[in-house]
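Below, each chain spelled out in residue letters.
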Amino acid sequence: MEKDAPVRRRSSGDGADVIATSRRLNDSKTQSQYEPYKQAEWGFVNHWYPAVFSEELEEDQVEGVQICGIPIVLRRVNGRVYALKDRCIHRGVRMSAKPMCFNKETISCWYHGFTFNLETGNLDTIVGNPDDKLIGTTGVTPYPTEEKCGIVFVFVREDDFPLDEVPPLAHDLPLAFPDNSERFPHPLWPAAPHILHEDAVGLGIHRTGESNWRVACENGFDNAHILIHQDNMIVQSNNWVLPLGIRPVSNDCITTFEDDNGPSGLMQWLFSDRWEPILENETLGIKVNGVNGRPYRTSFYLPGVLLVENWPEEYIAQYEWYVPITDDTYEYWEVLVKRCPTEEEREQFKYRYKTVLEPMALRGFNNCDLYARESMQDFYGDGSGWNDEQLVDTDVSPITWRKLASRCNRGIARPGVGVTGSVKASSLRLRDVSEGSPSRYFVRKVDF
Amino acid sequence: MSAVQSYEVSVQFSDGDIAVFPVTSNETILEGALKADVPILNQCQSGSCGSCVAVLEDGEATPLATQAGCLLDSELAEGRRLLCSARAFSDCSFQVDYTTSAGAATPAAANVFIDEIAWLSSDVVRLGVELAEGDWADFSPGQYMRINIPNTEIYRSYSMSSSPEQLPKLEFLVRVIPGGLFSEFLSTKARVDDILKLEGPYGSFFWRENFRRSKHLLIAGGTGLAPLLSILDQIRAAPGKKPDITLSFGCASDKTFFGADILDLRKAWMPTLETRLTVDDAGESWSGLIGNPLQAISTDDIESDAVAYVCGPPGLVNSSKKVLSDFGMSESRIFAERFLPE
């Protein structure tokens, strides 16, 4: 320290948190219980996430994505998908931006030819510098992959998360039924299909939302949010009874679980006497007019996976992921899963999906969710919303999730450094916006 | 008088690195090591803090007759030596249980601003500070800083209760003693936004990452809880499976007990953490255990690969070392720090 230099406060210092004293559910004591969740702006790492649909990665195809601030390159070779950190150790270029592969075992950086082993990530050679002493001494992080139900999953890990501790994919997926039908009975609908069922077919879409992944995921199992869906075509055309809201009326309305050999998550006992559907608001003179019951149930799992049983039709379940890309963008995955043991059933499901389910459910219905989440972003984006929100009893669902996530996550992602989105108004991001293709999930390929 | 002799001393670090350096017969082994830039942890250089302890594997090295060291006779018999208070009488080899990088964070001076002075009980204050612009202080969880008492040349040592993850913020737990200089300053003069000077990090009591998968036994008395909180938060932040952790924490009486809310939060955040709370002297409303935190530990808590971190008053530390050894734990897996009131 220089003797005469003035001692200054850090300019980045944030002021004291001010907690209002109104009678809201999330007082300072409740908030401190989910402090780790509040820190997880860039997501939870060391978990399995969907990266691409199988059909988005053909043999020999290379794609780059970003999850939890970690750039990842995928290449399919002999049917198998390999995943490496998509940042060349040399100058930080993304290999996926201009795929260059000279054999089945490696991927080369298109800039200076640094060539990495697909299996281990090791630097195997440098195209124009094959005797360099760096070769064999360094490399990029490899990520385990699994391909199920038409989805490629990647275990997004910190560089030093031990490979021998990588849990099975099932630990980051919803509970399976009928295996759990006794534990969580569902008298009003048949057992939900599961991603890992051999005959399961998954059809869906993924797209980028401009909000933090946490405000995105909390929308899906918030039982008061269904108000935004009242006017949706799928609700009105089917004359469904969609309540104005669903209130918790019992202290066992949600069951959390931390299974040693399965996922951590929460189950909401919807369509039981533990939740009360609100069908009328006398103050406002509003009534729900539908006549056809539409029972469903939501459960939610680490690292941010939603299962909606019996939705949008019988024998179908909707799965959703809110995969953090940066702290202000996430990839919204909507997948409908149905068990189709025969080719004929597969074709029927695909036809139904294309003609009705994708346009009316995944787009028509869920578009409202996408907008609703983005509407919260300004409030939560600078961190103030976590302190200033005033929650009510229906928010028992997100609060339970925040506590569970604080406890059962396998790691809090560090803020992205040297990656897309770490500089919010970078010239590249601004150019992408000005060209009408803002923050994308897939890498922008170089074309020359 | 015999002529000055020179011997070759080697120190093996836990990562396998070996440093070899010359030591003369009229200097301490630590002096020789520091001349050769060998990263031996040290602080007081007078035999009292215990930071520079090493295990003599081969050769002859004896404590200075003129200086009282903090090692027990049994520790000396096991070959432990304080390098600041030992001379070589032949070529020697030592082992230390930390890596070369652990000692490499050389102590530095830094300014901090006071953020918080929170009374957790009638005699414990949580002191929250933030490093000033341009200043930095890396440390390993478990280590301590020396804090300058403003307008004096006097320092007091306090372990961080925060983890390195929280830098540039630091937190300390301070036991307030009537008449203690820093206590007096904290309870009467200190205000939020005041500037303090500190120096560090110091200490060889810190989390050993190589044992991170082992069952952890954490035993703390009073503000000895501080470095163990830092270790807990570091374990939570470290990648990979979390070990089973039993934390036994005790205070003198239920009237001075503190930290129940802090530990409840850690339990909520860490499924593998179990806590046991003890006081020696309890009123009727106390719902925890009676006794000292060591008494809450039994052989059932010891697994073959367990590792223990003990921090508190000298009596607790000494008896913990003995009892845990009697339970079958290897001394090389018991790490301890003695806390003295200021």
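What counts, and at which threshold
- By convention here, each chain's residues receive numbers from 1 onward along its written sequence.
- Starting at A for chains and at 1 for ligands, labels are handed out in the order in which the entities are written.
- Predicted model: local features are reported for residues with pLDDT of at least 70 only, side-chain atom pairs are reported and counted for 80 or more only, and whole-chain, interface and lining totals are derived from all residues.
- Where side-chain values are given, they derive from all heavy atoms of the structure, hydrogens and water being excluded.
- A run of H or I in DSSP counts as a helix once it spans at least four residues, and a run of E counts as a strand once it spans at least two, with each numbered from the N terminus.
- Here the radius of gyration uses the C-alpha set of atoms, whereas the globule reference equals 2.2 Å times the residue count to the power 0.38.
- By definition, residues are in contact when any of their heavy atoms lie within 4.5 Å.
- Working definition of accessibility: Shrake-Rupley area with a 1.4 Å probe, residue cover restricted to the visible protein chains.
- A positive count includes Lys and Arg, and a negative count includes Asp and Glu. His and the chain ends are not counted in either.
- Charge coordinates come from a single atom per side chain, which is NZ of Lys, CZ of Arg, CG of Asp or CD of Glu.
- Two N or O atoms count as a polar contact when they lie within 3.5 Å, although within protein this holds only if one can serve as hydrogen donor and the other as acceptor, and sequence-adjacent residues are included solely when both atoms are side-chain atoms.
- The split into domains, and so the bounds of each, comes from an automatic or database assignment of domains.
- Values labelled buried area give the accessible surface lost by two parts on being combined, using a 1.4 Å probe and summing over both.
- Should a side-chain nitrogen of Lys or Arg be within 4 Å of a carboxyl oxygen of Asp or Glu, the pair is scored as a salt bridge.
- Two strands qualify as a pair provided that DSSP identifies no fewer than 2 bridges between them.
- All axes are obtained by fitting lines to C-alpha atoms, using only the stretch in contact for helices, and the reported angles, taken between N-to-C directions, cover 0 to 180 degrees.
- For each residue, the accessible area found with a 1.4 Å probe, counting protein chains only, is set against the maximum for its type, and the residue is called buried under 20%, exposed over 50%, and partly exposed in between.
- Side-chain classes are defined by residue name, with Ala, Val, Leu, Ile, Met, Phe, Trp, Tyr, Cys and Pro counting as nonpolar, Asp, Glu, Lys and Arg as charged, and the others, Gly among them, as polar.
- Only buried residues count toward a nonpolar core. Its members are Ala, Val, Leu, Ile, Met, Phe, Trp, Tyr and Cys residues joined through side-chain atoms within 4.5 Å.

Which residues make up the overall build of chain A, and what are the values?
Broken down by element type, chain A carries eight helices and 21 strands. Relative to the 2.2 N^0.38 estimate, which gives 22 Å for 448 residues, the radius of gyration of chain A is 23 Å and therefore close to what a compact globule would have. Along the first, second and third principal axes, the C-alpha set of chain A runs to 75 × 75 × 45 Å. In chain A, the proportion of contacts linking residues at least 24 apart, taken out of those at least 6 apart, comes to 64%. Counting every atom, chain A has about 20400 Å² of accessible surface; 49% of that belongs to carbon and sulfur. Side chains of chain A give 47 positive and 67 negative charges; the mean places of these two sets differ by 4 Å.

Would you mind going over the side chain of Asp328 of chain A in detail, with residue names and values included?
Residue and element names in this part refer to chain A. Following the sequence through the fold, Asp328 ends up in the loop between strand S20 (316-324) and strand S21 (330-339). Of the polar contacts made by the side chain of Asp328, one reaches the side chain of Thr326; its length is 2.7 Å. Discounting chain neighbours no more than four positions away, the residues touching Asp328 are Gly209, Glu210, Ser211, Asn212, Gln377, Lys424 and Arg429.

I'd like a rundown of the domain arrangement of chain A, residues and numbers included.
Residues and elements named next belong to chain A. Once the domains are mapped, chain A shows domain 1 (47-160 + 418-448) and domain 2 (168-408). Taken over C-alpha atoms, the centre of domain 1 sits 31 Å from the centre of domain 2. With 25 residues of domain 1 at the contact, the number on the domain 2 side is 29 residues. Across the domain 1 to domain 2 interface the summed buried area is about 2200 Å²; carbon plus sulfur atoms make up 67%. Per-residue buried area on domain 1 facing domain 2 is highest for Trp48, Phe53 and Cys149; these three make up 28% of the total on that side. Linking domain 1 with domain 2 are two salt bridges. Salt-bridge contacts for Asp328 lead to Arg429; the nearest nitrogen and oxygen are separated by 3.1 Å. Where domain 1 packs against domain 2, one counts eight residue pairs in polar contact (both at pLDDT 80 or more).

I'd like a description of the sheet that holds strand S1 (residues 47-53) of chain A, backed by residues and values.
Residues and elements named next belong to chain A. If you walk across this open sheet you meet the three strands as S1-S10-S9, and the pairing is antiparallel. Only two strands of the sheet have a single neighbouring strand rather than two, namely S1 and strand S9 (145-148). Sheet twist, expressed as the mean angle between neighbouring strand axes with direction ignored, is 30°.

How would you sum up helix H3 (residues 213-220) of chain A? Please name residues and give values.
For H3 of chain A, the buried fraction is high: eight of the eight residues fall into the buried class. Along H3 of chain A, the positions that sit buried rather than exposed are Trp213, Arg214, Val215, Ala216, Cys217, Glu218, Asn219 and Gly220 of chain A.

Break down the interface of chain B and chain A for me, citing the residues and quoting the values.
Residue-level contacts link 32 residues of chain B with 25 residues of chain A. Where chain B abuts chain A, roughly 2200 Å² becomes buried across the two surfaces, and 47% of that area is made up of carbon and sulfur atoms. For the pair chain B and chain A, the interface holds six salt bridges. With its nearest N and O atoms 2.8 Å apart, the salt bridge here joins Asp115 of chain B to Arg9 of chain A. Elements supplying a minimum of two residues to the side of chain B that touches chain A: strand S8 (108-121), strand S9 (124-131), helix H4 (225-237) and helix H5 (260-269) of chain B. For the side of chain B that touches chain A, the leading source of residues is S8 of chain B, giving six residues. Residue classes in the side of chain B that touches chain A are distributed as 16 nonpolar, three polar and 13 charged.

Give a detailed account of the nonpolar core, specifying residues and quantitative values.
All names here are of chain A. With 87 residues, the main nonpolar core has Tyr37, Ile67, Ile72, Leu74, Ile195, Trp321 and Trp401 as its most contacted residues. Taken together, domain 1 (47-160 + 418-448) and domain 2 (168-408) each give at least three residues to this core, which thus spans both. Discounting residues that sit within four places of it in the chain, Trp321 has contacts with Pro50, Ile151, Phe153, Leu173, Ile195, Gly304, Val305, Glu331, Tyr332, Trp333 and Val335.

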